[in-house]
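# Notes for the structure review
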Amino acid sequence: MLRRLHGRGALFDTDPPGLAPRLVGLRPHHHIATTLEHPSELPFVVLTAGRGLGKSTVLGELRAAYQGHTPLALIDCEDPQFTQVTHVNGSPEARPAQAWSPLAQALLVIAEQLAEPVTGARRIAFPRLMSGLIAVAAGGWGNADTERIRWEVQRMLLLNESASWFSGFAARWAGRVAAKAVAAAISDDPLVSAVIEATMEAMTERSSGARQRRASTWYRTYPNAGHRAELGLRLLSDHFRAGGTSREHAERYLVRALLADLTDAYAGMRAHLQRLGRPLVLVDNAQGSPGRELIEQVLRDRAEGIADQVVFIAAVRGSGDRSPLRNAVRRDLRETAQHTRWTPGDTASSRALLVSLPPLSSDDTLHIVDAVCTGTAVPVPAELPPATHRLTCGNPLGIALLAESARQNLPGLPPTAPFGALLTAELTLHEDREGRPAYRELLDRLVPADRLDELTVLAAAHDHDSARALAASQLPDDFGPSSVRALETRLAAEGLPVVEGQFVGDPFVRTLLLLRLHHRHADHGKWRDVHETLIRHYEGPEPSKARYRLHHELALGDTGSAVAHLRDTFHTLDTHDWLGTLLFMASAPYFHAHDAQGHDFVGDDHQRARIAFGHTDAEQRPPDDVDAVLHLRVRRLLHAVWQLTDPLMLPDRRLCGRLRFELEQLSNDPRASNALLWQASQEWPDAALAGRPLRVPGDEDADDDRNRNDGGA
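Structure report, in brief. Fair warning: this is a prediction, and the values are worked out from it, not measured in the lab.

In this model helix H5 (residues 127-138) runs 17 Å from its N-terminal to its C-terminal C-alpha over 12 residues, within 8% of the 16 Å that 1.5 Å per residue would give. For H5, the tally of buried residues reaches 12 of 12 residues, placing the bulk of the element in the interior. Within the sequence span of H5, burial applies to Pro127, Arg128, Leu129, Met130, Ser131, Gly132, Leu133, Ile134, Ala135, Val136, Ala137 and Ala138.

By size, the foremost hydrophobic cluster in this structure holds 94 residues, and its most contacted members are Phe503, Trp578 and Trp684. Among the elements that line this core, the one with the most residues is helix H28 (residues 628-644), at eight residues. What tryptophan 578 contacts, discounting residues up to four positions off in sequence, is Leu566, Thr569, Phe570, Leu573, Val634, Leu637, Leu666 and Leu677. Counting residues in hydrophobic clusters, the runner-up holds 78 residues, among them Leu107, Ala115, Leu259 and Leu294.

Turning our attention to unusual backbone geometry. Across the junction of aspartate 15 and proline 16, the peptide omega takes the value -5°, indicating a cis bond. Residue placement: proline 16 occurs in the loop between helix H1 (9-12) and helix H2 (19-24). Following serine 289, the chain continues into proline 290 via a peptide bond in cis, with omega recorded as 5°. One can find proline 290 in the loop between strand S5 (280-284) and helix H13 (291-303). Here cysteine 393, not a glycine, exhibits a phi torsion of approximately 55°, which is positive. Along the polypeptide, cysteine 393 turns up in the loop between helix H15 (384-392) and helix H16 (396-409). Using a relative accessible area of 16% as the deciding quantity, one classes cysteine 393 as buried.

Here helix H30 (residues 674-690) spans 25 Å end to end across 17 residues, near enough to the 24 Å set by a 1.5 Å rise per residue. When H30 is considered as a whole, its buried residues turn out to be Leu676, Leu677, Ala680, Ser681, Trp684, Pro685, Ala687 and Ala688. Where H30 is buried, its residues meet helix H26 (575-586), H28 and helix H29 (653-667). Positive phi appears at glycine 691, one or two residues downstream of H30, with a value of about 80°.

The next thing to look at is the pairing of strand S8 (residues 352-356). Of all the five residues making up S8, four are buried; the element is thus mostly covered by neighbouring parts of the structure. The pairing of strand S1 (residues 44-49) with S8 spans five bridges and is parallel. Bridge pairing in S8 links phenylalanine 44 to alanine 352. When strand S7 (residues 329-332) meets S8, the two strands line up parallel, connected through four bridges. In the strand pairing of S8, arginine 330 is matched with leucine 354.

What follows concerns the environment of alanine 64. Here alanine 64 is to be found in helix H3 (residues 55-66). The sequence separation of alanine 64 and histidine 29 amounts to 35 residues, and the corresponding C-alpha distance is 7.4 Å.

On to the packing of aromatic side chains, then. Tallying each qualifying case throughout the model produces seven aromatic pairs. Taking the centre distance of 4.9 Å and the plane angle of 80° together, the rings of tyrosine 590 and tryptophan 642 count as edge-to-face. Here tyrosine 590, found in the loop between H26 and helix H27 (607-612), pairs with tryptophan 642, found in helix H28; they are 52 residues apart in sequence, far enough to count as distant. The buried category is assigned to tyrosine 590, whose relative accessible area is 16%. What makes tryptophan 642 buried here is its relative accessible area of 2%.

Within the element layout of this structure, arginine 390 appears in helix H15. In contact with arginine 390, not counting residues within four places along its chain, are Leu644, Thr645, Asp646, Pro647, Met649 and Gly691.

When you line up the elements, glutamine 502 lands in the loop between helix H21 (481-493) and helix H22 (507-518). Looking at glutamine 502, the relative accessible area reads 16%, which means it is buried. When sequence neighbours within four positions are dropped, the list of residues in contact with glutamine 502 reads Ala461, His462, Arg510 and Phe584.

Reading the values: rules and limits
- Residues numbered from 1 in each chain as written.
- Predicted model: local features only at pLDDT ≥ 70, side-chain atom pairs only at ≥ 80, totals over all residues.
- Heavy atoms only, no water.
- Helix = DSSP H or I, 4+ residues; strand = E, 2+ residues; numbered from the N terminus.
- Expected span 1.5 Å × (residues − 1).
- Buried < 20%, exposed > 50% of the residue type's maximum accessible area, 1.4 Å probe, protein only.
- Core = buried A, V, L, I, M, F, W, Y, C linked by side-chain atoms within 4.5 Å.
- Contact = heavy atoms within 4.5 Å.
- Pairing = 2+ DSSP bridges.
- Phe/Tyr/Trp six-rings, centres within 6.5 Å; stacked < 30°, edge-to-face > 60°.

These figures come from the coordinates and say nothing about function on their own.
Quick look at the structure:
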């Protein structure tokens, strides 16, 4: 699989420095300093995008670029270790709710990674965080065995290690703390107080310099601690066990302890000379816990003037519209290539900088396909990269997996196989696992798993009302109108675009879902049921319903009514609207022909192309009362557009020529808007060959949409 990133230069470039080097102060993959863009207060960077747009890949590349050069940590908030139940020796074990939280666990994991030594500097110690975590954990040791307490204490004590010999010290003191905890649990003595006392003794014995002494007294400033560190830790533990807002208060101090330890590690002339880059914390899937809480706590402290010099780069699924990011500064990644133009406002969320990851460009797609498919046994069709870009809309995951499917499967496919065969062919991504169809691999990563079946049906819908009709007819009774609304909201929250006229706004995801719908049954029964339901839903004399009804009739292979509608409205409908109707109806999904029993034909299906080229004209008998020449021309045009806009077909140069000819001939009609038809005849074939969507000439948003789908830096 391809590992190099494309279209993300604004993050990683070195000349001029990209966003990451300007924040961290180091060139990627080198221990060479670079100028900081925000030398005093820096933004909390949040990468926003839908599924498959490369957020996790970007964070992984950031880790590879800076690991070993500056303190660094990477966590994935969807990792099982951040859930209430963990697995020990293969069996589930519930963590004590009163003394554990996802955020506390995340801080421990982050500190363990940040502590590792880097070029020119030794390990970082986290005495403040260590003592706070032990105080919190002690609240759940009432019924714990000695070994568990010893293991947990030693893990947290190691956060205070600054040299390799300290591991022996940690083990010795872990035994002492565990013994005191067990003795307190057996007797009536306060367990938490005994553990805190032992921890403070360990810190005192360890204290040999001003830095350790400052750390040992840090909790004196905890509210109502009366300048007593032990009391501050006891209050912290009490607040954590209380839950609710009290726990949030305690967690905020744990986050503050982590940042205070990092600030201390960078203090002084010696540290300034040794540590060239700022510490870097990467948080993946931060839309849920513990990422959401970590973002909120850091932003609140920064807004209140509690400064730190940690570079946080988080990734969230969706657009980041929800609190605590509601008032964040927003930029597209391409806008941050040389500077962010970020300044904080009065609110906490204004301390965040939301950076959206755009889709990749057609050039990026070309480079990825070429790199993956180099050396394949058969030549890669020249039309494959533009077809890949048109289908995926620049989705990096989709491009990479389609290119890999082409590398694996092109040698075994017949030369006339449709492009969609790369989605239905087996794709093997791991040597120790069996292959599976590429479209299923993609859906597993691009669609919420718990709603895959519902979305497979609703992908054919166009709005809330049509989705309700499908839900009532094709989904279980417990999936009602409120469930449809909830799913609409969830899709928007996960970053899928909201597009008028489509329930699933992302065309790539919609194509994959409809492909799954088609292949759910051997006789394609569910496919027919869904489209027949929508045909009934759009029955009626209203002209606004006709285009939708005919769209779904086309999906079932019935083209007669669509041809008749386009023929009869050619002279009565505004040409701009007529072309728009043609494009909408021809966007109906088409997944090869079926026999009378609904099963797939054996062999290749070129029926649309045969009709578009006029090879079946002799078999047609237009109605006696219509213009036969116009009837056949509209029929050929519809089938040409239907195939050329099909994301599962490679662009056909000969068919593009036929499309140009038919539109030119229609533009000769004196009763039509010949200028608009002529312009379409010039633009549509070129757009189809380049893998761009066909647009009605003159649409104000045509250029904007084209740029959006051809994004990337």
